[in-house]
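# Commentary on secondary and tertiary structure
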Amino acid sequence: MIEATPIVEMRNIKKNFGGVRALCGVDLVLKRNEVLGLVGDNAAGKSTLMKILSGAYIPDGGEIFIEGKKTHIASPSDARRIGIEMVYQDLALADNLDVAANVFLGREAASKKLGPISVMDKHYMEQETKRLLDRLKIDISSVRSIVERLSGGQRQAIAIVRATAFNNKVTIMDEPTAALSVAAIRKVIDLINELKAQGNSIIIISHRLEDIYEVSDRMIVLRQGRKVRECPVIGKLDEFREQVVAYIIGARDDFAERGVD
Amino acid sequence: MGTRRSGILFIKEAKEMLLNNIREFGMYIVLFVIIIIFTITTKGAFISSRNISNLLNQGGYIAVLAVGMTLVIIIRHIDLSVGYLSGFLGAVAAIAMVSWHLPVYIAIPLVLLFGAIAGLAPGFLVAKMGIPAFVATLAGWLGYRGALQLATMRTGTIIIPNAAFNAISNGYIPDIPGISILPGVHKLTLILGVLVILLFIINSIKDRRKTQSYNFKVLPVEMFILKLVFVSVVVGCIAWVLSGYRGLSWTAVIILGVILIYNFIMTQTFLGRHIYAVGGNPEAAELSGISVKKITYVVFSSMGMLAGLSGIMFASRLQSATTTAGQLFELDAIAAAFVGGASATGGVGKVTGSIIGAFVMMSLTNGMNLMGIDISYQYIVRAAVLAGAVIFDVATRNRKK
Ligand SMILES: Nc1ncnc2c1ncn2[C@@H]1O[C@H](COP(=O)(O)OP(=O)(O)OP(=O)(O)O)[C@@H](O)[C@H]1O
Ligand SMILES: [Mg+2]
């Protein structure tokens, strides 16, 4: 059986923070156009692993392959350039700016250049933001609303729009459904399905196993900086939940012989 | 029925606009009230053309500092060193012309360049070393104070004999010769005022059309017209008052230039957008590929350059460089920035606001001087206004949450 090259492959990723071993040799594969769920207890290393992929952290060891090619990701800009975008756990929005400014943050459109000074094309950015919001069926009255005053669900949506605004290939979402109302969670899940339908490859981190169950094709469980489970998402929700929880709390471990010191 | 409903809608929208811009409007109202009060208490002396003209010339060097300080405050820092840096650079300008015999058109750009380079020092300490700006620039405050005393040690006050240089803060733009109507009125100033109003109206209409063509919401037409009329009346009044004395001073021209350039940068360019982003959420800015370090360097460097400009304006005003030049300028500039709507939590502040804030503080000093109020009470009144501005900021901020 010949498998297509995965869009992302991380091998033996290691990361320490001072004395804290956040990741001790994790492998991760993301196939093209799949949704991969990443779960684990608090401090398991989920965010750290994904921040390494998005260029926010530099790993202490390990390799990353993007579409089969070995790649160094040294900064968020590097990750962006190869089409990897991340929606951070704290959203990383500039609360003092409006919706359009946040969507285009760091990637503003220029109308002209005066030497080193680039003049923004505000109308283009606002129009484009409106189009992007419509594309993902997001309901925000004005692209000129200051982000500070929007609801949690709207802010989450803006962070997702920003991540997916520039034809990216891989979208990482760190707990996109945390602290949201049931209706807002529904919207985010619809959004993920919509993105998948549009060809995106997605990694989603969540503590809400029912959300993982609903959107993911496959899943990985991390525990104390190690991968303890990798499996397709199948079966009934209750069985799925019971099984995954066993891995999360450490009652079961598929890779017990590896990564132990 | 229909008109009544649109009337209600109008009031609702007017209210919303007022609430959304309450800090800005608040400032204009405060300035307006101050002007009225002083005009009454000084029996019109405050609003006289001569006094307003003087007020601009006296306050210009604080106004330009306030603009730079607002940028620094937007990125969540502070710069205490700019007062004595301004004094020191004023002395450097004097020495450049008097001792080095440099022509004025070389001395001025040189001093501005020195200022921009000097600003890199706190930029380095803050951005690279992670030292709090308060401490880093306090070191600058001490250092530049010493440097200023060294520079003026041998000669004491350095007299500047250069007429062109001294015109910067004492001279006025020439008038068009040979027009006999309106004697005693500065015609060119009036004409410029009218031009500004026309440009503003044309630009506003153009922008409104463009926004409409993109199907974006614009101000309701009544509000739009109200805004045009209001701005036109204000600009017209200023031009009329100034033309009654000797017209537009060079200081006013410099302030206008600084406003135009900085306002353009802050509202229209990538750089301005990134400065606001760094102030709003530095981590988010960094994750978006914006270099917080680079922005910090640029903002402190611009502050240093404006300190140079301020030093030049002050030295020109006194026609000399003195040992105490620049004393407390930094505090006046910080106060002006906060009164002008900058927020201590960062990310918020406007160039136009800082200028208004500077004029509020200058008007207070000037008006109370005219009234003969003792300096000790003056400090207390200014303290109250500053505290009021900050309390207002916190109060309106919490309400929005
Ligand atoms: N910037 C950092 N500095 C120091 N330690 C860190 C840093 N980031 C993460 N850690 C540590 O690394 C470990 C893994 O953290 P990480 O944020 O990746 O966990 P997580 O799985 O995302 O947890 P949560 O579900 O709570 O978000 C934790 O022990 C954490 O304290
Ligand atoms: Mg996390």
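Okay, so let's go over this structure. Worth saying up front: this structure is predicted, and the values here are computed from it rather than measured.

This part covers the overall build of chain A. Regarding its fold elements, chain A presents eight helices and twelve strands. Computed over its C-alpha atoms, the radius of gyration of chain A comes to 19 Å, within 12% of the 18 Å expected for a compact globule of 261 residues. Projecting the C-alpha coordinates of chain A onto the three principal axes gives extents of approximately 60 × 40 × 40 Å. Scored against the burial criterion, the 261 residues of chain A give a buried share of 53%. Put simply, of all contacts in chain A between residues at least 6 apart along the chain, 67% involve residues at least 24 apart. About 11800 Å² of surface is accessible on chain A, with carbon and sulfur atoms providing 50% of the total. Once the 38 positive and 36 negative side-chain charges of chain A are each reduced to a mean point, those two points are 4 Å apart.

Turning next to the packing of helix α3 (residues 49–74) of chain B against helix α10 (residues 250–268) of chain B. All names here are of chain B. Here α3 crosses α10 at 15 degrees, and the two axes come no closer than 9 Å. Of the possible angle classes, the one that applies to α3 and α10 is roughly parallel. Considering only the axes of α3 and α10, their crossing is left-handed. From α3, Leu56, Asn57, Gly60, Ala63, Val64, Val67, Leu71 and Ile74 reach across to α10, where they touch Thr251, Ala252, Ile255, Val258, Tyr262 and Met266. Here the contact of α3 with α10 is composed, by residue class, of eleven nonpolar, three polar and no charged.

So, about the interface of chain B and chain A. Often, the extent of an interface is quoted as the loss of accessible area on bringing the components together. Taken together, the contact pairs 29 residues of chain B with 32 residues of chain A. The tally of links between chain B and chain A comes to zero salt bridges. There are eight residue pairs in polar contact (both at pLDDT 80 or more) connecting chain B and chain A. Those elements that provide at least two residues to the side of chain B that touches chain A are α8 (187–213), α10, α11 (270–280) and α12 (282–287) of chain B. A total of seven residues in the side of chain B that touches chain A trace back to one element, the largest contributor, which is α11(B). Classifying every residue of the side of chain B that touches chain A by side-chain character gives ten nonpolar, twelve polar and seven charged.

Moving on to the coordination of the magnesium ion (ligand 2). All names here are of chain A. Distances from the magnesium ion (ligand 2) to its protein donors, namely Ser47 (OG) and Gln89 (OE1), fall within the range 1.9 to 2.4 Å. A residue pair is termed long-range when its members are at least 10 positions apart, and Ser47 in helix α1 (residues 46–53) and Gln89 in the loop between β6 (84–87) and α3 (99–103) qualify at 42 residues. When its relative accessible area of 19% is taken as the criterion, Ser47 is described as buried.

Quick look at the site of ligand 1 now. All names here are of chain A. The full set close to ligand 1 counts 15 residues, and Asn42, Lys46, Ser47, Thr48 and His207 are the nearest of them. One of the side-chain nitrogen or oxygen atoms of His207 is found 2.8 Å away from an oxygen atom of ligand 1. Contact with the protein chains removes 66% of the 630 Å² of surface that ligand 1 exposes when unbound. Only β2 (20–30) and α1 provide two or more residues apiece to the shell around ligand 1.

Take the packing of aromatic side chains next. A complete count under the given rule lists eleven aromatic pairs over all chains for this structure. Between A:Tyr213 and A:Phe240, the aromatic rings sit 5.3 Å apart at their centres with planes inclined by 50 degrees, giving tilted as the arrangement. Of this pair, A:Tyr213 sits in helix α7 (residues 209–215) while A:Phe240 sits in helix α8 (residues 237–248), and the two are 27 residues apart along the sequence. Classification of A:Tyr213 by relative accessible area gives partly exposed; the value is 25%. The class of A:Phe240 is buried, set by a relative accessible area of 3%. Ring plane angle 20 degrees and centroid distance 6.3 Å describe the contact between B:Phe88 and B:Tyr144, whose orientation is recorded as stacked. With a gap of 56 residues between them, B:Phe88 in helix α4 (residues 82–98) and B:Tyr144 in helix α6 (residues 133–151) connect regions that are remote in the sequence. The exposure class assigned to B:Phe88 is partly exposed, which follows from its relative accessible area of 22%.

Now for a nonpolar patch on the surface. Taken together, the side chains of B:Ile176, B:Ile179, B:Ile181, B:Leu182, B:Ile191, B:Leu192, B:Val194, B:Leu195, B:Leu198, B:Ile202 and B:Trp240 make up a nonpolar region of the molecular surface, amounting to roughly 970 Å² of accessible area. Its place among the elements puts B:Trp240 in helix α9 (residues 221–243).

Attention now moves to the side chain of B:Ser301. Residue and element names in this part refer to chain B. Following the sequence through the fold, Ser301 ends up in helix α13 (residues 292–318). For Ser301, a relative accessible area of 15% puts it in the buried group. The residues contacting Ser301, other than those within four sequence positions of it, are Gly115, Ala116, Gly119 and Leu120.

This paragraph deals with unusual backbone geometry. At A:Asn33, a residue that is not glycine, the phi angle is positive and equals roughly 60 degrees. Checked against the element boundaries, A:Asn33 lands in the loop between β2 and β3 (35–40).

Turning to helix α2 (residues 22–41) of chain B, a few remarks are in order. Residues and elements named next belong to chain B. For α2, with 20 residues, the first-to-last C-alpha span of 28 Å sits near the 28 Å given by 1.5 Å per residue. For α2, the complete set of buried residues consists of Arg23, Gly26, Met27, Leu31, Ile34 and Phe38. Projected onto a plane normal to the axis of α2, the buried residues spread over an arc of 135 degrees and lie on a single side. Pointing more than 90 degrees away from the buried face of α2 are the exposed residues Ile29, Phe32 and Ile40. Trailing α2 by a residue or two, Lys43 shows a phi angle of about 50 degrees, which is positive.

Definitions and cut-offs
- Residues numbered from 1 in each chain as written.
- Chains lettered and ligands numbered in written order.
- Predicted model: local features only at pLDDT ≥ 70, side-chain atom pairs only at ≥ 80, totals over all residues.
- Heavy atoms only, no water.
- Helix = DSSP H or I, 4+ residues; strand = E, 2+ residues; numbered from the N terminus.
- Rg over C-alpha atoms; globule rule 2.2 N^0.38 Å.
- Buried < 20%, exposed > 50% of the residue type's maximum accessible area, 1.4 Å probe, protein only.
- Contact = heavy atoms within 4.5 Å.
- Areas by Shrake-Rupley, 256 points an atom, 1.4 Å probe, with all protein chains shown as cover.
- Lys, Arg positive; Asp, Glu negative; His and termini not counted.
- Charge placed at Lys NZ, Arg CZ, Asp CG, Glu CD.
- Axes fitted to C-alpha atoms, helices over the stretch in contact; angles between N-to-C directions.
- Parallel < 35°, antiparallel > 145°, perpendicular 65-115°, else oblique.
- Left-handed = near helix turned anticlockwise from the far one by under 90°.
- Nonpolar A, V, L, I, M, F, W, Y, C, P; charged D, E, K, R; others polar.
- Salt bridge = Lys/Arg side-chain N within 4 Å of Asp/Glu carboxyl O.
- Polar contact = N/O pair within 3.5 Å; in protein donor to acceptor, adjacent residues only side chain to side chain.
- Donors = N, O, S within 2.8 Å, 3.2 Å for Na, K, Ca; no water.
- Near = heavy atom within 4 Å.
- Phe/Tyr/Trp six-rings, centres within 6.5 Å; stacked < 30°, edge-to-face > 60°.
- Patch = residues over 30% accessible without salt bridge, like charges linked within 9 Å, V, L, I, M, F, W, Y side chains within 5 Å.
- Expected span 1.5 Å × (residues − 1).
- Arc of directions from axis to C-beta.

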